[in-house]
Amino acid sequence: MASTNQELARIFSEMAAALELTGANPFRAVSNNRVARELRDLTEDVGALVAEDPETAVARLTALPGIGKGSAQKIVEYVQTGGIDEHRKLMAKVPRGLFEVLEIPGIGPKAAKAMWEQLGIESVADLKARLDDPALAALPRMGKKTVENIRRAILFSEKTAARVPLGKALPLAIALRDELAALPGVRRLEYAGSLRRGCETIGDLDFVAACDDPEGVRRRFTEHPSVTQVLAHGDTKCSVRLESEGVAIQADLRLVPEAVYGAALLYFTGSKEHNVRLRERAIKRGLRLNEYGLFRGSEERPQEQGKKPLAAATEEEIYAALDLPWIPPELREDRGELDRPPPRLIEVGDVKAELHAHTTASDGRMSIAELAACARERGFHTVAVTDHSPSQVIANGLSPERLLDHLAAVRAANDEVRDVTILAGSEVDVLPDGRLDYDDELLRRLDLVVASPHAALRQSPAEATARLLKAIAHPRVHVIGHPTGRIVGRREGLAPDMAALFAAAAEHDVALEVNANWLRLDLRDVHVRGALDHGCKIAIDTDAHRPEHFDLLIYGVLTARRGGLEAASCINAWPAEKLHAWLAAKRDA
DNA sequence: GCCGTTTTCGGCCCGACTGTTTTCAGTCG
């Protein structure tokens, strides 16, 4: 069941779209979108907040950047009455189907409004039916080519998911990057955009290149075998649609002189909101920032006047000229990163333990020895065997008797190996009512207990909160595995009051997992931030079922970095002695 | 609608590209 926060975020987004479609002041639309974004990222449950005390809730909400008195009142109105009057009025004016028309690349509010008002087009279905109608091409600023582009955009959107999961986009981008970077004359080339920021889904691939032979790189890019359509090919920027390994995605390449590579990389990495903050900061200092560098003065296109930028070659020097330290891409989301010194974010190399992995005893493909070998290959000091508990029938969950046998096998394997410690653990189901799937006596015999919700993932936020709070309070639990059970783009999962979970996890000294599988990434980035603010410990685990799953670690690390995680707060990055002592303390308590 | 080391009113980031137009609006990132 969706949380109040997410419901409200959707409503504010809808109001923004409706405002655009009715020709309202465009800044009002921007503003509503900003509120939607804050709500989406907020880990406190506004429903609970308002229920407790509306006045405090308003104060708390207006303290958030981008939420003013007006929007805070609307949020209260929603919680108290179940709806927002202005939203209802806007919805009565604008057909719902128009929102999906607005989603089509190339169609903005002006075009959608004209189609709707002049031709009565109220949905993508309507639009498709009118594609050959001359009246469509006759609309202002429309024409044959524009209509053709719309037709292709609709076809493309029908066969591809709106956004591609990080785990599919990253390997594709790395392959393309390496291929382009190997061309003669290429001095710098990197992927940028949401991919470089490590976002959980990717809208399109962005590449920035500095090279001696732009034409050669441009040609290789636009004529690449995976390209299905060239959308634009200017001197400095080209855009294509490409399909590869079952992934269909747009890709942009920006070609720049090496002297301004940093400015272009910064610009193309975004986020857009982070860039806006940087430009505002530049203006306050009498400077102007664009993709060609940081310039003195406020004249437009200073690079065309032959003016020399104060900084442009590297991101570091641009941040420095704005009196800022270099900010890691994962933090560039306009979530206050300009107002606090950036942490020394965790890296893949910091992780020295895998604490959530499966063997052939349940649904994994590795023996205990193979699991240990994978850990050793990566230089880990510890790996935990955490097979499923009986409720996971599909996953061949272990009965108490089988678990006891398995424990003995793990301890025997541990005696056989050097330089890796194999821990005997379990991924125990958190049952719908919050009880665990093994009794306490059995749990006491385990080195590590990862408690995870697998079933009843549609229960209400209140039930989910109670369920997970109970698991967190259990004295034998070390880690809560994939706490919400969401699947990126497919299953919403539980929507508990995350702030309440963080407080409890901090109190009971339970670590919260970032499941590194790119289908999960659960906790998600904003949860990590919230958990750290509460003083929680974080685990990053791959939930490995096969050897190659150990390679998923990067996705968990990127997500954790987006939440601001430092190695010290990640139990997988601790030295062996510290980790083992922490685990044992919980068992012996 | 939000916001304020000039401001409680009047601003609100910046440039590339396309397809429409005869100089630029719309869209995108």
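About the thresholds
- Residues numbered from 1 in each chain as written.
- Chains lettered and ligands numbered in written order.
- Predicted model: local features only at pLDDT ≥ 70, side-chain atom pairs only at ≥ 80, totals over all residues.
- Heavy atoms only, no water.
- Near = heavy atom within 4 Å.
- Polar contact = N/O pair within 3.5 Å; in protein donor to acceptor, adjacent residues only side chain to side chain.
- Helix = DSSP H or I, 4+ residues; strand = E, 2+ residues; numbered from the N terminus.
- Nonpolar A, V, L, I, M, F, W, Y, C, P; charged D, E, K, R; others polar.
- 1 Å grid on protein atoms, 1.4 Å probe; cavity = no way out; pocket = protein on both sides within 12 Å on 5 of 7 lines; lining within 4 Å.
- Points joined across faces, edges and corners; volume = space filled by probe spheres on them.
- Axes fitted to C-alpha atoms, helices over the stretch in contact; angles between N-to-C directions.
- Parallel < 35°, antiparallel > 145°, perpendicular 65-115°, else oblique.
- Left-handed = near helix turned anticlockwise from the far one by under 90°.
- Contact = heavy atoms within 4.5 Å.

(A) Representation of the protein's contact with DNA strand B within the structure. In the vicinity of DNA strand B lie 48 residues, with Arg-141, Gly-143, Tyr-267, Arg-279 and Arg-301 positioned nearest. Counting only the atoms of DNA strand B within 4 Å of the protein, the fraction contributed by sugar and phosphate is 74%. Gly-66 is positioned with one of its backbone polar atoms (N or O) 2.7 Å from a phosphate oxygen of DNA strand B. Looking at the surface near DNA strand B, the elements that each hand over two or more residues are α2 (26-41), α5 (69-81), α8 (109-119), α11 (144-159), β5 (227-233), α16 (272-284) and β8 (287-290). Sorting elements by how many residues they give to the surface near DNA strand B places α16 first, with five residues. Partitioning the surface near DNA strand B into residue classes produces 17 nonpolar, 15 polar and 16 charged.

(B) Seen up close, the layout of surface pockets. Estimates place the volume of the second largest pocket at around 820 Å³. Lining the second largest pocket are 34 residues, with Glu-38, Asp-334, Arg-335, Gly-336 and Arg-340 sitting closest to its centre. Put simply, the parts of the chain that give the lining of the second largest pocket at least two residues each are α2, α16 and α23 (525-533). With five residues, the top contributor of residues to the lining of the second largest pocket is α23.

(C) Spatial organisation of the packing of helix α4 (residues 54-62) against α5. Across the interface, α4 lies against α5 with an axial gap of 9 Å and an inter-helix angle of 135°. One way to sum up the angle between α4 and α5 is to call them oblique. At the point where α4 passes α5, the crossing takes the right-handed sense. Counted together, Pro-54, Val-58, Leu-61 and Thr-62 of α4 and Lys-69, Ala-72, Gln-73, Ile-75, Val-76 and Gln-80 of α5 form the full contact between these two elements. A class-by-class count of the residues in the contact of α4 with α5 yields six nonpolar, three polar and one charged.

(D) Broad picture of the side chain of Asn-290. Topologically, Asn-290 is positioned in strand β8. A polar contact is formed between the side chain of Asn-290 and the backbone nitrogen of Tyr-292, at a distance of 2.7 Å. A polar side-chain atom of Asn-290 sits 3.0 Å from a polar atom in the side chain of Gln-303. Dropping the residues within four chain positions of it, Asn-290 is found in contact with Ala-263, Phe-295, Pro-302 and Gln-303.

Interpretation note: all reported values are geometric properties and have no functional meaning in isolation.
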